[in-house]
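# Analysis of the macromolecular model
If you want the building blocks of each chain, they are given just below.
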Amino acid sequence: MLFCAAPPMSYINPHTYDNANLSDIRLPSGNVIPVVDKARYLGSMISRDGTDTVDVVARVAAATKAFGSLSRLVFRSDQVSAAAKREAYVAIVLAILIYGSESWCLTAEMWGRLKRFHHQCARAVCGVSMWHTREYRITTVSVLKVLKLRSIETYIRRRQLQWAGHVARMPPTRLPRMFLTSWCGHPRPQRRPDFTYGESLASALEYAGIEQEGWMEAAQDRAGWKQRANGIREPDVGHIDVHAVLRRRAGV
């Protein structure tokens, strides 16, 4: 059983949840139902505090294992082309990493975790070490362009917008659709409230250059909305020829 806590400001003593009884539940049959602070549901981790931190940490750990398992035979192999490495990374590692990201509400810390993993994998696939990065000033943008990969923000924002469009096209009687347009008539709590899904969706719309006003009407066109979500353009900045740098380093 998962105990879902209210916001910390709701408790007199947030550390004990006002002395809530979180001991295991013993049944008359002698079996025990443990009370946990996190649980897996449909492949995603749900935590007691309602944030996505636990799920992001679990996703990064699972993707790290997948990348490590394929590292020697695929990603670091000289016998596999860069295009094949990219396809393997996107289809396996990246798919594991951002599974369930459609509903994530990511803080700056969680974005940092995801970015670091994505960039480390890209450098490993290209054979670029931190020494190369410092010595030749090889930027992350350069490495991603060599592999024809997008930033982690683009991959996640695409999924968030596609899911938001799917919910927006649901009938008004569907519960997810009702939640999307619902409003909680509760007084604003003190201090900065927790980052919400609404703010996360607004950030995704801004990232894609979509106006917040009227986006639900635009999402009714399924094909057009999918095209807008997949057509996110990233800044076109200059980059270094990574392969040329590595060839010079090897004396080729």
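This structure is a prediction, so every number in the text was calculated from the model and none was measured.

Turning to the overall build of the chain, a few remarks are in order. From N to C terminus, the chain includes 11 helices and 4 strands. With respect to the three principal axes, the spread of C-alpha positions in the chain is 70 × 50 × 35 Å. Counting the 252 residues in the chain, one finds 34% classified as buried. Sequence separation of 24 or more characterises 65% of the internal contacts of the chain that already satisfy a separation of 6 or more. Split by element, the accessible area of the chain, about 16,000 Å² in all, is 55% carbon and sulfur.

A few words on helix α3 (residues 108–126). The end-to-end C-alpha distance of α3 is 27 Å, a good match for the 27 Å that 19 residues give at a rise of 1.5 Å each. After α3 finishes, the residue Gly-127 shows a positive phi value of roughly 75°.

This part is about the pairing of strand β3 (residues 38–41). In this structure, β3 lies alongside strand β4 (residues 44–47), joined through 4 bridges in antiparallel fashion. Looking at the pairing, Lys-38 lines up with Ser-47 of β4. From the end of β3 to the start of β4, which pair antiparallel, there are 2 residues, and Leu-42 there has a positive phi angle of about 55°.

By the secondary structure assignment, Ser-200 is in helix α8 (residues 197–207). Non-local contacts of Ser-200, meaning those with residues more than four positions away in its chain, are made with Trp-104, Cys-105, Arg-157, Gln-160 and Phe-195.

Quick look at unusual backbone geometry now. Phi angles above zero are rare outside glycine, and Tyr-17 is one such case at about 50°. According to the relative accessible area criterion, Tyr-17 is partly exposed, its value standing at 22%. Unusually for a residue other than glycine, Leu-42 sits at a positive phi of about 55°. Its place among the elements puts Leu-42 in the loop between β3 and β4.

Within this structure, the stated rule accounts for 1 cavity of 30 Å³ or more. As a volume, the largest cavity reaches approximately 40 Å³. In this structure, the largest cavity is lined by Lys-85, Arg-86, Tyr-89, Cys-121, Ala-122, Val-125, Leu-147 and Leu-149. At the level of elements, α2 (82–97) and α3 are the ones that each hand at least two residues to the lining of the largest cavity. Grouping the constituent residues of the lining of the largest cavity by class yields 6 nonpolar, no polar and 2 charged.

So, about the packing of aromatic side chains. Scanning all chains against the criterion turns up 5 aromatic pairs. Aromatic side chains Tyr-11 and Tyr-17 sit 5.5 Å apart centroid to centroid with 75° between the ring planes, which places their arrangement in the edge-to-face category. Accessibility expressed as a relative area gives 16% for Tyr-11, which makes it buried. Residues Phe-67 and Phe-75 carry aromatic rings whose centres are separated by 4.6 Å and whose planes lie at 5° to one another, so their mutual orientation is stacked. You'll find Phe-67 and Phe-75 in the same group, each marked buried. Aromatic ring contacts, followed pair by pair, group Phe-3, Tyr-11 and Tyr-17 into a single cluster.

Rules of the game
- Per chain, the residues get numbers from 1 upward, laid out in the order the sequence is written.
- In keeping with the model being predicted, local features are shown solely for residues with a pLDDT of at least 70 and side-chain atom pairs are shown and tallied solely at 80 or more, while totals for entire chains, interfaces and linings include all residues.
- Think of the side-chain values as coming from all heavy atoms in the structure, minus any hydrogens and water.
- To qualify as a helix, a DSSP run of H or I must reach at least 4 residues; to qualify as a strand, a run of E must reach at least 2; elements of each kind are numbered from the N terminus.
- Partly exposed residues are those whose accessible area sits between 20% and 50% of the maximum for their type, while under 20% is buried and over 50% is exposed, using a 1.4 Å probe and protein chains only.
- Note on contacts: a residue pair is in contact if any heavy atoms of the two residues lie within 4.5 Å.
- All accessibility values rest on the Shrake-Rupley procedure with a 1.4 Å probe; residue burial counts only the protein chains present in the view.
- A helix is expected to span 1.5 Å multiplied by its residue count minus one.
- Paired strands, as defined in this entry, are two strands with at least two bridges between them according to DSSP.
- Cavity means a closed set of points on a 1 Å grid over the protein atoms alone, one where a 1.4 Å probe fits but cannot get out, pocket means an open set with protein on both sides within 12 Å along at least 5 of 7 lines, and lining means a residue has an atom within 4 Å of a point.
- Grid points are joined across faces, edges and corners, and a volume is the space filled by probe spheres set on the points.
- Here the nonpolar group is Ala, Val, Leu, Ile, Met, Phe, Trp, Tyr, Cys and Pro; Asp, Glu, Lys and Arg are the charged ones; every other residue, Gly included, is treated as polar.
- Stacked, edge-to-face and tilted are the three classes for Phe, Tyr and Trp ring pairs, Trp counted by its six-membered ring, which pair at centre distances within 6.5 Å; planes under 30 degrees apart are stacked, over 60 edge-to-face, the rest tilted.

These figures come from the coordinates and say nothing about function on their own.
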